[in-house]
Amino acid sequence: MAQRMDRLPEQFFAQLSGRVLQAVQAGRDVINLGQGNPDLPTPSHIVEALREAVLDPSTHRYPPFSGLPSLKEAVAEFYLREYGVTLHPEHEVAILFGGKAGLVELSEIYLDAGDVALVPDPGYPDYWSGVALAGGRMVKLPLTPNNRFLPDLEAVSTTDWQRAKLLFMNYPNNPTGAVATLDYFAKCAEVASRHGTLVVHDFAYGAIGFDGVKPPSFLQAEGAKEAGIEVYTLSKTFNMAGWRVAFAVGRRDVIRALNLLQDHYYVSLFPAVQRAAIAALLGPQDCVRDLRATYERRRNAWVGALTAHGIHCPPPKGSFFAWMPVPAGVNSSEYADLLFEEVDVAVAPGRGFGEQGDNHVRIGLLTPEARLAQAAERVAQVHAALRLPG
Ligand SMILES: Cc1ncc(COP(=O)(O)O)c(C=O)c1O
């Protein structure tokens, strides 16, 4: 096999889900807060749109290369409605097989061996996959409570900027739950443009902001449309993770390159899925409001139950993850093992998202409130038994 296969990092979370599965099969009552798989179903009007589309034999044929024009128009309408951003449907929108595929493709498009990608640490591990496949090098940007999980781009060395072709960002953030401001995005656009680095903003959790704050799109920021692109997935906003549909929007040269690469890999997505995606983007949006409210209630249930036991977990501002500090004296894997072995609560060790994550664990708020409260009770038992600090 080619050497690039050896460069692919181990899938940290495949291991975790294997362990949970084994424990469940052994009859243990595991509360799994370790994964990021939305637990609620796709809204019925979207499922209905798929059903109708699949009965139309024209959807059984090859779709047009680079996707249905009507879907790209729907994306443009969605961005205008949600963010006031005007997009040219043909030149500024590319349809993707899920955000994950698009993010990996962007590294393939931009990185030659030895080129640098600036990536958040902690961050979503699929940024690393694309960089590894392309033979690129990662320079990690630390996200810490001190910088409110917004990396200081001025701290990146001039040499690293000179080699950096890509800057990956993601707000609302997985795993920290942080949300960025438009001012921060404008600053990123300015600094990256100055160095000729393309900004890739991963907006996977764009619809999930709490306390009445709507997370901004990178493209709303001054200079952003020249500085980069944004990747948006339907997986989270519409509970469509299994459907594999997303899109990239922004700079024309990047969109053209994505379409070109995808013309070689695929033709485009199953047309029935594309039609259902149109129904999601342009149909009733109360399902999105309800989903956001559900996650906010879950967040409050989790944080509230821990606080009642004197355990500190800062409430996330967006996404469906809480980023919980581990008690002094243990690292993230030790703490995750402790919770799993002692009380059957599975959480994701922060180390899986990068070195800077090793003093946190990620909690997925993807189970009902009562179950989250039960998980918090179990965590509190461990803290009490081992006299762990909050
Ligand atoms: C930060 C982030 N980006 C992108 C994705 C990819 O989503 P999808 O491939 O389902 O579109 C995820 C999924 O978990 C994610 O957490």
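To be clear, the structure that these remarks concern was listed above.
Quick notes on the rules
- Residues numbered from 1 in each chain as written.
- Predicted model: local features only at pLDDT ≥ 70, side-chain atom pairs only at ≥ 80, totals over all residues.
- Heavy atoms only, no water.
- Helix = DSSP H or I, 4+ residues; strand = E, 2+ residues; numbered from the N terminus.
- Rg over C-alpha atoms; globule rule 2.2 N^0.38 Å.
- Buried < 20%, exposed > 50% of the residue type's maximum accessible area, 1.4 Å probe, protein only.
- Contact = heavy atoms within 4.5 Å.
- Areas by Shrake-Rupley, 256 points an atom, 1.4 Å probe, with all protein chains shown as cover.
- Lys, Arg positive; Asp, Glu negative; His and termini not counted.
- Charge placed at Lys NZ, Arg CZ, Asp CG, Glu CD.
- Salt bridge = Lys/Arg side-chain N within 4 Å of Asp/Glu carboxyl O.
- Near = heavy atom within 4 Å.
- Polar contact = N/O pair within 3.5 Å; in protein donor to acceptor, adjacent residues only side chain to side chain.
- Nonpolar A, V, L, I, M, F, W, Y, C, P; charged D, E, K, R; others polar.
- Pairing = 2+ DSSP bridges.
- Core = buried A, V, L, I, M, F, W, Y, C linked by side-chain atoms within 4.5 Å.

To continue, consider the overall build of the protein. Helix and strand content of the protein: 15 helices and 12 strands. Taking 21 Å as the expected radius of gyration for a compact globule of 390 residues, we find that the protein reaches 21 Å, a close match to that expectation. Principal-axis analysis of the C-alpha atoms gives the protein an extent of 60 × 55 × 50 Å. When burial is assessed residue by residue, the protein has 55% of its 390 residues classed as buried. In the protein, 75% of the contacts between residues at least 6 apart in sequence involve partners at least 24 apart. Looking at the protein as shown, the accessible area adds up to about 16,600 Å², and 53% of this sits on carbon and sulfur atoms. Distance between charge centroids for the protein: 0 Å, based on 35 positive and 42 negative side chains.

Here the focus is the side chain of D121. Relative to the helices and strands, D121 resides in strand β3 (residues 116–121). Here D121 is buried and forms no salt bridge, its nearest opposite-charge partner K140 lying at an N-O distance of 4.4 Å.

Moving on, we get to the pattern of salt bridges. With the rule as written, the count across this model stands at 24 salt bridges. The residue E82 makes a salt bridge to R81 at a minimum N-O spacing of 3.0 Å. A residue is classified by how much of its surface remains accessible, and E82, at 23% relative accessible area, is partly exposed.

The local shell around the ligand holds 14 residues, among which G99, D202, Y205, T233 and S235 are the closest. Within the contact set of the ligand, an oxygen atom lies 3.0 Å away from a backbone nitrogen or oxygen of K100. The separation between an oxygen atom of the ligand and a polar side-chain atom of T233 is 2.6 Å. The fraction of the free accessible surface of the ligand (390 Å²) that becomes covered by protein chains is 92%. Counting residues per element, the ones that place at least two in the shell around the ligand are α5 (98–110) and α10 (234–237). Examining the composition of the shell around the ligand, we find that 4 residues originate from one element, α5, more than from any other. Its residues assigned to classes, the shell around the ligand shows 4 nonpolar, 6 polar and 4 charged.

This next bit is on the pairing of strand β8 (residues 246–250). Burial runs high along β8: 5 of the 5 residues are buried. Burial along β8 is two-sided: A246, A248 and G250 and F247 and V249, pointing in opposite directions, are all buried. Judged from the 4 bridges that link them, strand β2 (residues 93–96) and β8 form a sheet pairing that is antiparallel. For L96, the partnering residue across the bridge sits in β8 and is A246. By the bridge criterion, 5 bridges tie strand β7 (residues 228–233) to β8 in an arrangement that is antiparallel. Its bridge partner being in β8, I229 is matched across the sheet by G250.

Moving on, we come to the sheet that holds strand β12 (residues 360–364). Hydrogen bonds along the backbone pair up the strands of a sheet, which may run parallel or antiparallel. Read from one edge of the open sheet, 3 strands run β9-β12-β11, paired in antiparallel fashion. The open sheet has two edge strands with one neighbour each: β9 (321–325) and β11 (348–349). Sheet analysis places β9 next to β12, joined by 5 bridges and oriented antiparallel. Its bridge partner being in β12, M324 is matched across the sheet by V361.

For soluble globular proteins, nonpolar side chains are generally found buried alongside one another. Counting residues in each nonpolar core, the largest one holds 76 residues, and the members touching the most others are Y79 and F247. Those residues within four positions of F247 in sequence are excluded, and the remaining contacts are V75, F78, Y79, V93, A94, I95, L96, E230, V231, Y232, L234 and L281. Judged by nonpolar contacts, the second largest core, of 27 residues, contains V347, V361, A376 and V382.

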